[in-house]
Amino acid sequence: TTQIPREIPLTIHLSILGTTGLTAYFGFIHVGCPRLPSETKRPEVVLVNAAAGAVGSIVCQIAKNVYGCKVIGVAGSDAKCRLLEDDLNCCDVVINYREMENEVTRNAKTSDPADLFALKSTEFQKRLKRVLKQIDAKSLDIVFDNVGGYQLNECLSRLNYFARVAICGAISGYN
């Protein structure tokens, strides 16, 4: 039998060394197939939604710190956005989707779910275009999707030629 070194806390085996870390690693490395800046003319642009989550935060750190990618994180609060940009330093820019959704819902003249989906899609597209401009990019090379819904929909319209998309979850459709 293999023994676990005593210096490594058992909780680590539930995160970075467990299924969370393996999901992030294999999803990003084997499906996303990132390339190092030395292999391309520029760093690849990666978008990770649910970026402050267990899998997403590891993907962001691998993309930024191992592969030198420009990373766009999508998270649901200012605290999570600060975590990604300041504490973990693994995202170049972030989008607070919840703030955007609340703003859209407040200003909407409808409560029809299909209309709200369209309004959220349009606003997300505007914000995505804005953050791409902030990092001097026009399109996405890799999307690591944990959410689905309008976020994935709009990311697909911003893909570069030969881009890769790793579908890891569909949080937007869970009850």
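Attention in this report is confined to the structure presented alongside it. These figures come from a predicted structure and were not determined experimentally.

Criteria and thresholds
Residues numbered from 1 in each chain as written. Predicted model: local features only at pLDDT ≥ 70, side-chain atom pairs only at ≥ 80, totals over all residues. Heavy atoms only, no water. Patch = residues over 30% accessible without salt bridge, like charges linked within 9 Å, V, L, I, M, F, W, Y side chains within 5 Å. Areas by Shrake-Rupley, 256 points an atom, 1.4 Å probe, with all protein chains shown as cover. Salt bridge = Lys/Arg side-chain N within 4 Å of Asp/Glu carboxyl O. Helix = DSSP H or I, 4+ residues; strand = E, 2+ residues; numbered from the N terminus. 1 Å grid on protein atoms, 1.4 Å probe; cavity = no way out; pocket = protein on both sides within 12 Å on 5 of 7 lines; lining within 4 Å. Points joined across faces, edges and corners; volume = space filled by probe spheres on them. Nonpolar A, V, L, I, M, F, W, Y, C, P; charged D, E, K, R; others polar. Buried < 20%, exposed > 50% of the residue type's maximum accessible area, 1.4 Å probe, protein only. Pairing = 2+ DSSP bridges. Right-handed = clockwise from strand over helix to strand, strands pointing away. Contact = heavy atoms within 4.5 Å. Phe/Tyr/Trp six-rings, centres within 6.5 Å; stacked < 30°, edge-to-face > 60°. Axes fitted to C-alpha atoms, helices over the stretch in contact; angles between N-to-C directions. Parallel < 35°, antiparallel > 145°, perpendicular 65-115°, else oblique. Left-handed = near helix turned anticlockwise from the far one by under 90°.

1. Some thoughts on a nonpolar patch on the surface
Together, L22, Y25 and F26 make up a nonpolar patch on the protein surface, roughly 290 Å² of accessible area in all. Of note, Y25 is situated in helix α1 (residues 19-32).

2. Some points on the layout of surface pockets
One number sums up the size of the largest pocket: a volume of about 370 Å³. In terms of lining residues, the largest pocket is bounded by 23 residues, among which Y97, R98, V147, Q151 and I171 are the most central. Within the residue set of the lining of the largest pocket, elements represented by two or more residues are β2 (70-75), α4 (97-107), α5 (113-134) and α6 (149-156). Looking at the lining of the largest pocket, the element that brings in the most residues is α5, giving 4 residues. Class assignment for the residues of the lining of the largest pocket results in 12 nonpolar, 7 polar and 4 charged.

3. Details of the pairing of β2
In terms of residue burial, β2 counts as a mostly covered element, since 5 of its 6 residues are buried. Pairing of strand β1 (residues 45-49) with β2, which is carried by 5 bridges, proceeds in the parallel orientation. Counterpart to L47 in the pairing with β2 is I72. A crossover links β1 with its parallel partner β2, the connecting element being helix α2 (residues 54-66), and its sense is right-handed. Relative to strand β3 (residues 93-96), β2 runs parallel, the two being bridged by 4 bridges. Paired with G73 across the two strands is V94, which belongs to β3.

4. Regarding the environment of S121
The topology assignment puts S121 in helix α5. Residues S121 and V48, 73 residues apart in the sequence, show an inter-C-alpha distance of 17 Å. Among residues more than four places away in sequence, those in contact with S121 are Y150, N153 and E154.

5. A short note on the packing of aromatic side chains
Throughout the structure, instances matching the rule amount to 4 aromatic pairs. The interplanar angle of 90° and the centroid separation of 5.0 Å between the aromatic rings of Y25 and F26 together place this pair among those described as edge-to-face. Measuring from centroid to centroid gives 6.1 Å for F28 and Y67, while their planes differ by 75°, and the two rings are edge-to-face. Note that F28 is positioned in helix α1 and Y67 in the loop between α2 and β2, a separation of 39 residues in sequence. On the basis of relative accessible area, F28 is assigned to the buried category, the value being 0%. Members of the aromatic cluster, each reached through a chain of ring pairs, are F117, F124 and Y150.

6. Re the packing of α5 against α6
Where α5 meets α6, the closest approach of the two axes is 9 Å, and the angle between their N-to-C directions is 50°. Considering the angle they form, α5 stands oblique to α6. Here α5 and α6 pass one another in a crossing that is right-handed. Taking contact as the criterion, the partners of F117, K120, S121, F124, Q125 and L128 in α5 are, on α6, G149, Y150, Q151, N153, E154 and C155. Tallied by class, residues from the contact of α5 with α6 come to 5 nonpolar, 5 polar and 2 charged.

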